Amino acid sequence: MAQTLCSRLSCILLMTCACSSGGGSSSQPPSPPPPPEVPAYLREAVAVPSRTDGRGHPYDSILARAMSSGSTNAVEIGGEQRVDTSIGSRFVLTRVERSEDLARAIGVTATASVDELFGVSADAKATWARSHQFSSNWLSIAVQVQITGPRFRATQVRLKDAARGLSPEAFYGRYGDRFASEVQTGAELYGILQIQTSSQQDKEDLAASLHMTYSGVSVGVEFTSQQVEAIRKYQATCNYQSQGFVVLSKSCDESSFTDLLDEFKQNAQAGDLSDPTKTLAWVFYTNYYELDGYPGVPAGAADKVAAREKGADDFTLVHGLVGGDLARYYESGAPQQAYAALPHGDRRWIVWDALRRCDDALKAWLGQTDSLALTPQPACDDAAAIDGFALVRLAQSPA
């Protein structure tokens, strides 16, 4: 009997195994396919200053900008959640030597600078940064103060019916790869303090006393008393812009600049930071991957994002040299023969001509507006053959 029972149990176990391995029919529905993996470039939100809320608006990461105002949203938003009620502040000092440094120091991306230069978008910060002049004997310090308020997140988000069932390419062409999902209120002041020193040595001594080595960044809550005293021994000029709150005092020099910053912070922190329509708003763009029905990004999108970001950085550097640093030493319209009589004329011509042609090629390449059809970046072979350090040394001491 025991043997018969064991045989029957063995048959039952074998039958069960056969059924679970596909040998018989099953009433269990097939498992859904795993969700597509989020590309690395989309895992962090992108924050963009804005005067409007704009939640749901699409964003194109290849061109690194929100899509045109006439674009249709891919999502419907059913609610809102207040996820952060704290008031924060950020104070940053950065030594800068050219307008490109200044733009980066106040949070302007290379792509935003390119878009502003091409007239694609009116980035007030990029325009302001490009308007400033620099002198070798000026110690220039960029200042950025940000006061952040509550943060609001869209909830009950779903894809619209019109956005479902599209191919990755069709979805990206209409709706990009991100949408505005959160907004944070706040205020910002950005400015530049330019201190007139008597010589390069005096400039570097002052920079050392202020702990401002080149490209050095100091993050804190205010100027220290030692920094204020050191600055007040010199003549200085300053310029600033504010967003979100109006700064009442308009005077700006070596004595009043720190008072101006204090006034801005007090006004911002005392104001109503709960209404995005009355303050500066940072709009956060996140990916669509958590939404049911999203097809994912097209193949090669991540490579195009990285390529255009690199191209914008390269163009910012090259254009700054051609239009700024090198323009002080090189005759932009002179033919090659005109360089022959100049000291190191042959080297000057090689540098100028290579970078000028590279500047033109990069500008044309960055002017493409069809993100998915982005072509490979121009090689700029001649310019790439010039050693970067030697180029900078030559620009500083061309003779």
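Attention here is on the structure that accompanies the text. (Residues numbered from 1 in each chain as written. Predicted model: local features only at pLDDT ≥ 70, side-chain atom pairs only at ≥ 80, totals over all residues. Heavy atoms only, no water.)

**Overview of the environment of A299**
Part 1 of the argument: Here A299 is to be found in the loop between β10 (280-287) and α9 (301-325).
Part 2 of the argument: A sequence separation of 73 residues divides A299 from L372, and the C-alpha atoms of the two residues are 9.7 Å apart. (Helix = DSSP H or I, 4+ residues; strand = E, 2+ residues; numbered from the N terminus.)

**Some words on the nonpolar core**
Part 1 of the argument: Of all hydrophobic cores here, the largest spans 35 residues; its most connected members are A74, L159, F171 and Y288.
Part 2 of the argument: Each residue touching Y288, except ones within four places of it in the same chain, is listed here: P58, A74, V75, L159, F171, Y175, G176, D177, R178, F179 and Y294.
Part 3 of the argument: Formed by 30 residues, the second largest nonpolar core is a distinct cluster that contains I195, L210, C252 and L273. (Core = buried A, V, L, I, M, F, W, Y, C linked by side-chain atoms within 4.5 Å. Buried < 20%, exposed > 50% of the residue type's maximum accessible area, 1.4 Å probe, protein only. Contact = heavy atoms within 4.5 Å.)

**With respect to the side chain of D60**
Part 1 of the argument: Within the element layout of this structure, D60 appears in strand β2 (residues 58-60).
Part 2 of the argument: One buried charged residue, D60, forms no salt bridge at all, with the nearest opposite charge on R65 at 7.0 Å.
Part 3 of the argument: Here Y172 takes part through its side chain, which lies 2.6 Å from a polar atom of the side chain of D60.
Part 4 of the argument: Apart from residues lying up to four places away in sequence, D60 is in contact with R65, M67, Y172, D177 and S371. (Lys, Arg positive; Asp, Glu negative; His and termini not counted. Salt bridge = Lys/Arg side-chain N within 4 Å of Asp/Glu carboxyl O. Polar contact = N/O pair within 3.5 Å; in protein donor to acceptor, adjacent residues only side chain to side chain.)

**Some words on the packing of aromatic side chains**
Part 1 of the argument: Tallied over the full model, the rule gives eight aromatic pairs.
Part 2 of the argument: Judged by centre distance (4.8 Å) and plane angle (35°), the ring pair of Y59 and Y285 falls under tilted. Of this pair, Y59 sits in strand β2 while Y285 sits in strand β10; the two residues are 226 residues apart in sequence, bridging distant segments of the chain.
Part 3 of the argument: With a centroid separation of 5.0 Å and 80° between ring planes, the pair formed by Y289 and Y294 is classed as edge-to-face.
Part 4 of the argument: According to the relative accessible area criterion, Y289 is buried, its value standing at 13%.
Part 5 of the argument: Among the residues examined, Y294 registers a relative accessible area of 9% and is labelled buried.
Part 6 of the argument: Grouping aromatic residues by their ring pairs yields a cluster made of F171, Y175, F179, Y288, Y289 and Y294.
Part 7 of the argument: Seen from the ring of F284, R151 lies directly overhead, with NZ or CZ sitting 3.8 Å from the centre. (Phe/Tyr/Trp six-rings, centres within 6.5 Å; stacked < 30°, edge-to-face > 60°. Lys NZ or Arg CZ within 6 Å of the ring centre and 35° of its normal.)

**Some thoughts on unusual backbone geometry**
Part 1 of the argument: A positive phi angle, close to 55°, is found at A64, a residue other than glycine.
Part 2 of the argument: Mapping A64 onto the fold places it in the loop between β2 and β3 (65-66).
Part 3 of the argument: Looking at A64, the relative accessible area reads 29%, which means it is partly exposed.
Part 4 of the argument: One non-glycine residue, Q156, lies in positive phi territory at about 50°.
Part 5 of the argument: Within the secondary structure, Q156 is located in strand β6 (residues 138-159).
Part 6 of the argument: The exposed category is assigned to Q156, whose relative accessible area is 61%.

**Things to note about the pairing of β10**
Part 1 of the argument: Buried residues dominate β10, accounting for seven of its eight residues.
Part 2 of the argument: Pairing of strand β1 (residues 46-50) with β10, which is carried by five bridges, proceeds in the antiparallel orientation. Within β10, the position partnered with V46 by the bridge is Y285.
Part 3 of the argument: Sheet analysis places strand β7 (residues 178-196) next to β10, joined by eight bridges and oriented antiparallel. Across the sheet, the residue bridging to Q184 is W282, located in β10. (Pairing = 2+ DSSP bridges.)

**Some details on helix α6 (residues 200-209)**
Part 1 of the argument: For α6, the full list of buried residues reads D202, K203, L206 and A207. For α6, the arc enclosing every buried residue in end-on projection is 135°, short of the 170-degree limit, so these residues lie on one face. Facing away from the buried side of α6, by more than 90 degrees, are the exposed residues Q201 and A208.
Part 2 of the argument: Check the buried side of α6 and you find it contacts β5 (88-96), β6, β7 and α7 (225-231).
Part 3 of the argument: Phi for H211, located one or two positions after α6, is positive at around 60°. (Arc of directions from axis to C-beta.)

**Concerning helix α5 (residues 168-175)**
Part 1 of the argument: Restricting attention to buried positions, one finds in α5 the residues F171, Y172 and Y175. Taken down its axis, α5 places every buried residue within 100° of arc, on the same side.
Part 2 of the argument: One or two residues past the end of α5 sits G176, with phi positive at roughly 65°.

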